[in-house]
Amino acid sequence: MCDDPLLPAPVARALAEYRELRDAHGPCWGEPPITYVTQAWATVFLDRRYNYWNAARRQLADLYPPEQIEDHLEEVDPERAVRDALAGDVLDNLAALRLTPEGFALEADTQVVLDDRPFRTSLLLDSSTDEPVTVVVDGTPYEVPPHGARVVALERDVSVGGQPVDLSPLSRRVEAATIRVRAGFPCRWNVTGANGQGWYPEGAPPKRDGHRRPYFHGDDLVVTVPAEPITVTVARGMEYTSSEVVVTPEAGAQTLVELAPERLYDAAARGWYGGDLHVHLNWMGEEPAAPTLAAAAQHGEDLHVLNLVAGNVASGRVYDIEALAHWAGKDLPWSDDRHLARIGVEYRNDVVGHLTAFGLLEPPRHYHTGFEGTADWPPNTAALEELRALGGVTSYGHPFHTAFSDDDPPDVVLSDGRNCAAREIVADAALGLIDTLDVLNHSSVQATAAVYRRLIGAGNRLAVTAGTDAVLSFCRRGTASSPPGWERVYANVAGPLTAESFTEAVLLGRTFATTGPWLELTVNGHGPGDTLELAPGQRVEIVVSSIGPEVESLEIRTAAGVLAQGPPGRLVASMAVDEPTYVVAIASGGAHPRSMHSAGAYAHTSPVYVDVAGEHVARAADVRWCLAWLDRLEVLLREYGTFESAAQLDDHLDLYERARAVYRQRLP
């Protein structure tokens, strides 16, 4: 018997193993409980309205001075932090049993059920008593410490001190109906009840996006729903609007819902193809994901290019390494002339940054450093050289996590600790070892954009790219459980879409990255990635245009700063050029249903470079800023790096000194 082309035997065995890990350990799959593993568990319950890290820091505030709190986050009680972050709220998947000196009370967001089977949910045991309290849930006793909290699974019964808890607030029964949703092509569907409860086709994971909206992908699908008013919404990635209808299906009958989204713009018709270069198939989560889920998501979002990445979490296990070994260098089986899927790598080190690679021809030998007490060695340089030799386009993912402006010194964004930030990029860029930067990412887009402009202003050539870090095995974890492609890098491809043509366009810098808006930039008719050769005093005409209801303003920037600002649609400016510079365009806006980033709508182009009298931009202030970065990075590495010998640390320091030499040569 032949393998299923979408589930070859090695991938099927790995998927079965992931399910065993999930069943044995819950959504963290037995990974070591370092801070972001613990936070991943917590955010299965908490959405963006509730800040886990703030609650965690408050928990440590009485134990350590402010400057030491970041070094002790692994000591946080995550169940208490979830309770404290919620501040008395209850969620649809987390009811709360309040334990008080006077007794107990159950609080819940009542959910609809369609049959008589026990309703399964999670339960927060929240104590405000001065003594421990024992709560028996489904026959298992749990001791809740004074003023403490526990999160447990609940299916049948709960008792406190021998007294049963009335579970009727958890659910209400409604007669069942079915709907058939049809658009005529694969789409993303939201089917919700009046309380926001989601309904899904049989077998579909109960996914929620960054706005907490339930969703699934496909076309002509049957969904069992309550026989009461429900809202059906259909969308298809950022190039489409959404359409919505409210229906009241009849109990015991099937209702056909035919609904299709309207196209907002057609990038491929202009030669532009949008990709998400950082997506995980499996990386912990509530429901291990098969490749069929990635296929449905890519086509349902009309995402032209999907880069699934194999990577570890906090141990030596590399998730989806079997899929990489099977498919490296090949288009994944669901690819077609408009949709290209490949599998690549996220190479990870938590002190100097995480790298991604697209277009690998073979698996690499190494996937990570610095985990489980191993050395932070060799520098990321070694990984970049190997990934490039294997045909990969390299980038730094989710680069920066702290607020940062264009005028701040490097130490503002180079915060303490092992926080996965792209710290070594300033050295790698100077040495020409990194191709792009994911300016659009799930973390601090504004900070990353500011660092990016410093890097290109200092004479480094990097393309703007996008990687969401979406994780298909998570069902409800903010943007991680949002569909792939909620941010995209658009590349202007010459000819048909292939891994090679997309790679070439990215390497040439013919890109812009976006949360949704279309953004176009020309300088004297030239687009991103082009270089204009001018004489001093020549003028350039700059035109920026946008499409998208979420855009509130347009901006033109050069190495000297903001050149022009204006409303959405079209912005035109001109300038006389006396020294080398670059030109980029930015579109921005506030919170909008089309944007799943908490920062709102954003798009940023790669530069059009403007050389003058044969000189390339290398602004002295930006070069000195990069030198200051390297000085600060040395301090951080000495404090937070793990090394087995002085020679290993010296390898990093030698790299930084080589980078310094490059930057010093660029100074006047």
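Report follows, based on the coordinates. (Residues numbered from 1 in each chain as written. Predicted model: local features only at pLDDT ≥ 70, side-chain atom pairs only at ≥ 80, totals over all residues. Heavy atoms only, no water.)

### Topic: the sheet that holds strand β14 (residues 214-218)
For step 1, the next point in the chain: Strand order in the open sheet formed by 5 strands is β13-β14-β12-β16-β17, and the pairing between neighbours is antiparallel. Sheet topology places β13 (207-208) and β17 (243-247) at the edges, where each strand pairs with a single neighbour.
For step 2, the next point in the chain: Relative to β17, strand β16 (residues 230-235) runs antiparallel, the two being bridged by 5 bridges. Bridge pairing in β17 links T233 to E244. (Pairing = 2+ DSSP bridges. Helix = DSSP H or I, 4+ residues; strand = E, 2+ residues; numbered from the N terminus.)

### Notes on the sheet that holds strand β30 (residues 518-523)
For step 1, the next point in the chain: Reading across from one edge, β30-β32-β35 is the order of the 3 strands in this open sheet, with antiparallel pairing throughout. With one partner strand each, in any of the chains shown, β30 and β35 (570-576) form the two edges of the open sheet. Between one strand and the next, the sheet's axes are offset by a mean angle of 15°, whatever the strand orientation.
For step 2, the next point in the chain: Examined bridge by bridge, strand β32 (residues 539-547) and β35 share 7 bridges and lie antiparallel to one another. Residue pairing in the sheet places S545 in a bridge with R570 of β35. (Axes fitted to C-alpha atoms, helices over the stretch in contact; angles between N-to-C directions.)

### Section: the packing of aromatic side chains
Geometrically, a pair of aromatic rings is defined through the distance of the ring centres and the angle of the planes.
For step 1, the next point in the chain: Taken as a whole and judged by the stated rule, the model has 19 aromatic pairs.
For step 2, the next point in the chain: An angle of 55° between the planes, with centres 6.1 Å apart, marks the rings of F404 and W625 as tilted. You can see F404 sitting in the loop between β24 (393-396) and α8 (410-413) and its partner W625 sitting in helix α12 (residues 620-640), a full 221 residues away along the chain.
For step 3, the next point in the chain: Clustering of aromatic rings is evident, with ring pairs tying together Y265, W272, Y490, F512 and W518. (Phe/Tyr/Trp six-rings, centres within 6.5 Å; stacked < 30°, edge-to-face > 60°.)

### A word on the environment of L293
For step 1, the next point in the chain: Among the secondary structure elements, L293 is positioned in helix α5 (residues 291-300).
For step 2, the next point in the chain: Once the C-alpha coordinates of L293 and T374 are considered, the two residues, 81 residues apart in sequence, prove to be 34 Å apart.
For step 3, the next point in the chain: If sequence neighbours within four positions are ignored, L293 has contacts with P205 and L472. (Contact = heavy atoms within 4.5 Å.)

### Digging into the side chain of S606
For step 1, the next point in the chain: In this structure, S606 sits in the loop between β37 (601-605) and β38 (608-612).
For step 2, the next point in the chain: Here the side chain of S606 touches V464 through a polar contact of 2.8 Å, landing on its backbone nitrogen.
For step 3, the next point in the chain: Here T511 takes part through its side chain, which lies 2.6 Å from a polar atom of the side chain of S606.
For step 4, the next point in the chain: Setting aside residues no more than four positions away along its own chain, S606 makes contact with Y452, A463, V464, G509, T511, F512, L521, P528, V583 and V584. (Polar contact = N/O pair within 3.5 Å; in protein donor to acceptor, adjacent residues only side chain to side chain.)

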